[in-house]
Amino acid sequence: MSAEPKRPDTKAGESAAETDAKPTPETAADESSAAAAEESPEAALAEARSKADENWNLYLRAAAEVENIRKRATRDVENAHRFALESFGRELLTVVDSLEMGLAAAADADAEALRAGSEATCKLLKTTLERFGVTEVDPEGEPFDPELHEAISMMPSEKVEPGSVAQVVQKGYSLNGRLLRPAMVIVAAEAPSGDAGD
C-alpha cells in the first residue's frame, strides 16, 4: 500500500490566514488613531467654532452689562446734580411761607409785631441752614484769622486785644467746615497811649 500524500489541513490553513488577517491590539490602535486623524481637523474646527461662539456671546453680554452700568451711573450723577438741593429747597419753603405771612400781616401790624415776626423768620432760616451744615462765622473778640475773616479796616480798641476782631460788619458762613463766605471784620489796633500827646 502506498501512502497517499497527506492533504494539507485546510482548516489549519484557514485559521493561520485568519490569524494573520486578525488585527492585533497594536494594529487596531494604529487604525483608530489613523481614523481619528482623518476626522480630527473637522472635529477640531467644529469644536473651536463652538468655543469661539460661546466666548463671543459671553463678550457681548459683558459689553452690554458694562454699557448698562455706565448709562446707569451717568443717569444717577445727572439726577444727583439735578435734585441735590431738593430737600434743602423743600425746607426753605417754610421760610418763604413765613415771610409771605409776615408781609400779608404787615399792613395791620404794629412795629413790635413786625419785629417779632422778622426775628422768628430769621431764626427759622438759621435753623434750616444749620440742619444742612451751614453755620455762622461770628468771630467778634476772637483773634483775626485771614483764612476765615476778611479785614476791611483797623480801629483802636480797649475792649479787645490788638490783632483781634473788634467788630463784625458781616457774618461769614461755612458749609460742613468749608468756608462759603469769610466774615467781614474790623480788626483792633493798639489803642493810643495817653502819654503820646505829652
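Look up: the structure comes first, before these words.
This is a predicted model, so every value here is computed, not measured.

Novice: Just to check I follow, could you spell out the packing of aromatic side chains for this structure?
Specialist: Describing an aromatic ring pair means giving the distance of the ring centres and the angle of the ring planes. One pass over the full model with this rule turns up 2 aromatic pairs. Here the aromatic rings of Trp56 and Tyr59 are separated by 5.3 Å at their centres, their planes lie at 35°, and the arrangement is tilted. Pair noted here: Trp56 and Tyr59 are both in helix 2 (residues 25-83), with a separation of 3 residues, about one helical turn. The exposure class assigned to Tyr59 is partly exposed, which follows from its relative accessible area of 48%.

Novice: Just to check I follow, could you spell out the sheet that holds strand 2 (residues 149-156) for this structure?
Specialist: Where strands meet in a sheet, backbone hydrogen bonds hold them as pairs that are either parallel or antiparallel. On the basis of which strands lie adjacent, the open sheet formed by 3 strands has the order 2-6-3 and mixed pairing. The outermost strands of the open sheet, each flanked by one partner alone, are strand 2 and strand 3 (165-170). Adjacent strand axes in the sheet meet at a mean angle of 25°, parallel and antiparallel pairs treated alike.

Novice: What am I meant to see in the environment of Ser164 here?
Specialist: Looking at the secondary structure, you find Ser164 in the loop between strand 2 and strand 3. Taking the C-alpha atoms as reference points, Ser164 and Glu140, 24 residues apart in sequence, are found 8.0 Å from one another.

Each value, and the rule that gives it
Residues numbered from 1 in each chain as written. Predicted model: local features only at pLDDT ≥ 70, side-chain atom pairs only at ≥ 80, totals over all residues. Heavy atoms only, no water. Phe/Tyr/Trp six-rings, centres within 6.5 Å; stacked < 30°, edge-to-face > 60°. Helix = DSSP H or I, 4+ residues; strand = E, 2+ residues; numbered from the N terminus. Buried < 20%, exposed > 50% of the residue type's maximum accessible area, 1.4 Å probe, protein only. Pairing = 2+ DSSP bridges. Axes fitted to C-alpha atoms, helices over the stretch in contact; angles between N-to-C directions.

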